[in-house]
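Results of the structural survey
Chain residues, written in single-letter form:
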Amino acid sequence: MISAKDVNELRSKTGAGMMDCKKALTECNGDMEAAIDWLREKGIAKAAKKADRIAAEGLANIFTDGNKAVILEVNCETDFVTKNAEFVEMIENVGKAILKGDTSDIDKINELDVDGQTVAEYIVAKTAKIGEKLSLRRAELVTKTDTENFGTYLHMGGKIAVLVVVEGANEDVAKDVAMQAAAMRPEYLNKDQVPAEVIEKEREILKEQAINEGKPADIAEKMVNGRIQKYYKENCLIHQAFVKDGDIDVETYVKNNGGSVKSMIRYEVGEGMEKRSENFAEEVAKQVNGE
């Protein structure tokens, strides 16, 4: 199955349309590099110069409305644009459209209405006006019940955004959990969410490390089990030591306040994306020189 994330990534790399990117990935069984070649062979990808523009800066934000919340990341080419009031307003308008449209599907989000335009058309219009490649990288709509609370936190003005749902505990506790996730970068909510293949790979690496340290196989196995528990404590939100009280973990902190953590989404702008190597001044110089 071809994911919306892969389609968006291919769009950002080639400048080709959404449906063309989806078709290319389908034809190439999800292989990103092969899909790029396929688009170029078909003459669909835009000029390499344009396609090579990297949009890995940007902002993430969170918007709430009653029992609904949306977290999204919108990318641009330079950090300079993140200070642009029109760019910030664009993110807010897209966020509100997603809340109203009630969907997390990127294809459907791109068809939602913003002032008489689709989201996709709206972003293209802002791209032309602001003068940088802009793209909606990802978004997720989250719903909660009346007995649950959202915990939201933005760090560095939106370079990191965290949205958690906590049941039973109040909004202050929920925000503490969101701040924990922002600071400690957990990859998963709990150990049950860690894919089996991730743990298996970790076990292989840790066992090899122990054997290289000269430990017998049976001792190495025991060491691996201990280190896997350490992996959970470092990478799973509720098993992490609580930053405000290192004597307890996050799960215990929330439980002591009458609740439990139900979900977590953490966006860090540009994570996993190729970053541009030149700075803004160099980019301006290139444009002036017509490169």
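Coordinates for the structure precede this section.
So, here is what we can say about the structure in this document. (Residues numbered from 1 in each chain as written. Predicted model: local features only at pLDDT ≥ 70, side-chain atom pairs only at ≥ 80, totals over all residues. Heavy atoms only, no water.)

Things to note about the overall build of the protein chain
The number of helices and strands found in the protein chain is 12 helices and 10 strands. Per-residue burial for the protein chain yields a buried fraction of 43% across its 291 residues. Counting contacts in the protein chain only where the partners sit at least 6 residues apart, residues at least 24 apart contribute 61% of the total. Only carbon and sulfur atoms are counted for the fraction: they give 48% of the accessible area of the protein chain, which is about 15,700 Å². (Helix = DSSP H or I, 4+ residues; strand = E, 2+ residues; numbered from the N terminus. Buried < 20%, exposed > 50% of the residue type's maximum accessible area, 1.4 Å probe, protein only. Contact = heavy atoms within 4.5 Å. Areas by Shrake-Rupley, 256 points an atom, 1.4 Å probe, with all protein chains shown as cover.)

Topic: the sheet that holds strand β2 (residues 68–76)
Read from one edge of the open sheet, 3 strands run β1-β2-β5, paired in antiparallel fashion. In this open sheet, the two edge strands, each paired with only one partner strand, are β1 (57–65) and β5 (135–143). Between one strand and the next, the sheet's axes are offset by a mean angle of 10 degrees, whatever the strand orientation. Pairing analysis gives 9 bridges linking β1 to β2, with the strands arranged antiparallel. Following the sheet pairing, Gly 58 is matched in β2 by Asn 75. (Pairing = 2+ DSSP bridges. Axes fitted to C-alpha atoms, helices over the stretch in contact; angles between N-to-C directions.)

Here's the deal with the pattern of salt bridges
Following the criterion strictly, the structure yields 19 salt bridges and no others. A salt bridge links Arg 137 to Glu 73; the nearest nitrogen and oxygen atoms lie 3.4 Å apart. Remark: Glu 73 occurs in strand β2 and Arg 137 occurs in strand β5; sequence separation between them is 64 residues. Relative accessible area serves as the criterion here: at 0%, Glu 73 is assigned to the buried category. (Salt bridge = Lys/Arg side-chain N within 4 Å of Asp/Glu carboxyl O.)

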